[in-house]
Amino acid sequence: MQRALNSPMRLTLLPDKVGVLISGILIYAALALPFVTFRANRIVQGEARDLTASLPTGAAYALIAVMTFAALAAFFRIGTRLKLAASLLALLTLMIVIGFAAHFLTPEGNAYARVSPASGFWFMFAGLALLATDTIARLNPKPYVRVLLLFVALAVLTGIFLSDQWSGLSIMKEYGTRSDIFWTEAGRHLQLAIGSLLAASIIGIPLGVLCHKVAKLRAALLNSLNIVQTIPSIALFGLLIAPLGWVAANIPGASDIGIRGIGMAPAFVALFLYSLLPVVSNTVVGLEGVPNSVTDAARGLGMRSWQRLLKIEFPLALPIILTGIRIVLVQNIGLATIAALIGGGGFGVFVFQGIGQTAMDLVLLGTIPTVVLGFTAAILLDALIESLLFKRESRS
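Residues numbered from 1 in each chain as written. Predicted model: local features only at pLDDT ≥ 70, side-chain atom pairs only at ≥ 80, totals over all residues. Heavy atoms only, no water.

**A look at the pairing of strand 3 (residues 114–117)**
- Every second residue of strand 3 is oriented toward a common face, with Arg-114 and Ser-116 on one face and Val-115 and Pro-117 on the other, all of them buried.
- The pairing of strand 1 (residues 36–39) with strand 3 spans four bridges and is classified as antiparallel. Counterpart to Thr-37 in the pairing with strand 3 is Ser-116. (Buried < 20%, exposed > 50% of the residue type's maximum accessible area, 1.4 Å probe, protein only. Helix = DSSP H or I, 4+ residues; strand = E, 2+ residues; numbered from the N terminus. Pairing = 2+ DSSP bridges.)

**A few points about the packing of aromatic side chains**
- On inspection of all chains with the given rule, the structure shows 10 aromatic pairs.
- Measuring from centroid to centroid gives 5.5 Å for Phe-182 and Phe-347, while their planes differ by 40 degrees, and the two rings are tilted. Within this pair, whereas Phe-182 is found in helix 9 (residues 179–213), its partner Phe-347 is found in the loop between helix 14 (305–335) and helix 15 (348–357), the two being separated by 165 residues in sequence.
- Given a relative accessible area of 7%, Phe-182 falls into the buried group.
- We classify Phe-347 as buried; its relative accessible area is 3%.
- Through successive ring pairs, a cluster of aromatic residues spans Phe-161, Tyr-175, Phe-182, Trp-183, Phe-347 and Phe-350. (Phe/Tyr/Trp six-rings, centres within 6.5 Å; stacked < 30°, edge-to-face > 60°.)

**Details of the side chain of Ser-201**
- One can find Ser-201 in helix 9.
- Each residue touching Ser-201, except ones within four places of it in the same chain, is listed here: Pro-206, Val-279 and Ile-325. (Contact = heavy atoms within 4.5 Å.)

**Points about the pattern of salt bridges**
- By the definition in use, this model includes 10 salt bridges.
- The shortest N-O distance in the salt bridge between Arg-138 and Asp-134 comes to 3.0 Å. Taken as a pair, Arg-138 and Asp-134 lie in helix 6 (residues 119–139) at a separation of four residues, close to a single helical turn.
- Its relative accessible area of 39% is what places Arg-138 among the partly exposed residues.
- Of the residues examined, Asp-134 reaches a relative accessible area of 18% and is grouped as buried.
- Taking the shortest distance from any N to any O, the salt bridge between Arg-178 and Glu-174 comes out at 2.6 Å. (Salt bridge = Lys/Arg side-chain N within 4 Å of Asp/Glu carboxyl O.)

**Observations concerning the environment of Leu-154**
- Inspection of the secondary structure assignment puts Leu-154 in helix 7 (residues 143–162).
- Judged by relative accessible area, Leu-154 falls into the partly exposed class, the value being 24%.
- Taking the C-alpha atoms as reference, Leu-154 lies 9.2 Å from Val-372; in sequence the two are 218 residues apart.
- Once you skip the residues sitting within four places of it in the chain, Leu-154 turns out to touch Val-372 and Thr-376.

**Topic: the packing of helix 13 (residues 292–300) against helix 14**
- Closest axis-to-axis distance for the helix 13/helix 14 pair is 11 Å, and the angle between their directions is 165 degrees. Compared by their axis directions, helix 13 and helix 14 come out roughly antiparallel. Here helix 13 and helix 14 pass one another in a crossing that is right-handed. In this structure, helix 13 uses Val-294, Thr-295, Ala-298 and Arg-299 to contact helix 14, whose residues at the interface are Arg-308, Ile-312, Glu-313 and Leu-316.
- For the contact of helix 13 with helix 14, the residue count by class is four nonpolar, one polar and three charged. (Axes fitted to C-alpha atoms, helices over the stretch in contact; angles between N-to-C directions. Parallel < 35°, antiparallel > 145°, perpendicular 65-115°, else oblique. Left-handed = near helix turned anticlockwise from the far one by under 90°. Nonpolar A, V, L, I, M, F, W, Y, C, P; charged D, E, K, R; others polar.)

**As for the sheet that holds strand 1**
- With antiparallel pairing, three strands are arranged side by side in an open sheet as 2-1-3. At either end of the open sheet lies a strand with only one pairing partner, and these are strand 2 (47–49) and strand 3. Neighbouring strand axes in the sheet, compared pairwise and without regard to direction, differ in orientation by 30 degrees on average.

**Side note on the confidence of the model for the chain**
- Per-residue confidence for the chain averages 87 on the pLDDT scale, and 95% of its residues sit at or above 70.
- At the low end of the mean pLDDT range in the chain sits helix 1 (residues 2–6), at 47; at the high end sits helix 6, at 94.
- Note on residues 1–11: pLDDT is under 50 here. Beyond four places in sequence and across chains, it has zero contacts. (pLDDT = per-residue confidence, 0-100.)

**Some thoughts on the packing of helix 2 (residues 17–32) against helix 4 (residues 57–75)**
- The interhelical angle for the contact between helix 2 and helix 4, taken along N-to-C directions, is 165 degrees, at an axis separation of 7 Å. Comparing the axis directions of helix 2 and helix 4 gives the class roughly antiparallel. You can see that helix 2 and helix 4 cross each other, and the crossing is left-handed. Counting all contacts with helix 2, which are made through Gly-19, Val-20, Ile-22, Ser-23, Leu-26 and Ile-27, the residues of helix 4 involved are Met-67, Ala-70, Ala-71, Ala-74 and Phe-75.

**Let's talk about helix 11 (residues 233–250)**
- Here helix 11 is 18 residues long and its end C-alpha atoms lie 26 Å apart, about the 26 Å a rise of 1.5 Å per residue gives.
- Maximal helix bending in helix 11 amounts to about 30 degrees, located at Ile-241; proline Pro-243 follows within four positions.
- Buried within helix 11 are the following residues: Ser-233, Leu-236, Phe-237, Leu-240, Leu-244 and Ala-248.
- On its buried face, helix 11 is in contact with helix 10 (215–230), helix 12 (264–288) and helix 14. (Expected span 1.5 Å × (residues − 1). Bend = angle between axes of the 7 residues up to and from the residue.)

Dropping the structure here:
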């Protein structure tokens with residue numbers, strides 16, 4: 001005991017298993033990978049520039065210092081809140097500094113030069129995003145806190161966007177020449193993703209209730225919807241061109257309301273068909289999960305079948321039904337990109353134009369908003385589902 005009292009206190013910092021990988025990614029990206037790619041114009045091959053050659057000296061060393069701090073915070077088992085603060089600070093610094101790189105490398109008055117984030121930037125962004133996601137998962141904040149963090153992140157990104165900090169980046173120059181088209185295609189993307197989800201919910205939830213009530217119908221309907229899911233998206237888009245084209249040509253007024261062989265109609269129908277299985281199956285699973293004791297008690301109170309469904313069974317099954325809707329929305333946001341192949345519009349227009357022109361910045365102009373939309377939809381619906389589950393548990 002005396003030896004224990006006389007021994008000096010030691011601070012032991014143990015490595016974090018996930019953090020070791022993240023810190024390795026950050027250090028390797030900052031010191032070994034190119035930070036940006038510089039091109040004299042939109043067409044020529046790019047020239048990779050490392051971090052110190054991409055930024056003014058002060059900005060370069062400031063970013064290295066922030067990345068080192070984030071790497072150390074990730075590596076050791078320290079406070080989770082400190083890890084989160086380090087990751088968010090580093091992400092904000094990275095977002096601001098990439099704009100400095102574009103202004104620093106672009107010659108004065110040169111409208112043709114292009115500066116794009118290179119692999120070093122993307123690896124640092126991925127590592128920091130992984131660190132932030134891991135720390136948030138460990139903290140397990142309440143749903144409203146996660147929604148608040150999401151809106152703060154979106155507000156910061158919007159502020160940087162509106163401040164012209166990124167105006168020198170190639171992706172923003174691509175946006176500048178297509179700003180009107182961009183927002184038109186964004187509206188079409190949302191119409192396809194959300195519209196098909198609403199249609200699938202209006203039809204799929206009653207079908208799920210019917211499958212729950214009629215066991216013989218359940219297997220046939222779910223197996224049919226499973227077959228639709230096995231058809232590749234591009235193939236399904238193509239299969240719908242002929243029948244919808246026939247409808248447009250032979251049924252008066254069909255073409256006037258937008259039904260055609262190509263365009264948004266086949267894309268909308270395809271997304272609707274893909275959406276049915278998760279909605280129907282989750283409705284069945286949710287209703288099947290309602291305890292028999294609850295329905296028996298409601299029956300004992302004299303409730304009719306439709307009253308039990310609307311007042312007891314459906315509210316209890318709602319979190320699982322919303323889980324299916326979450327799956328559909330995130331899925332449709334991604335699949336709507338392919339609609340551009342058949343003239344359906346959406347962010348896929350920029351993706352496929354960029355592929356055809358070998359312009360990766362144009363590809364990013366379509367992919368980045370798609371990823372942001374999917375990520376936002378997932379967080380919002382997850383928060384809603386957890387809130388409903390929490391209220392149900394607190395009542396019970």
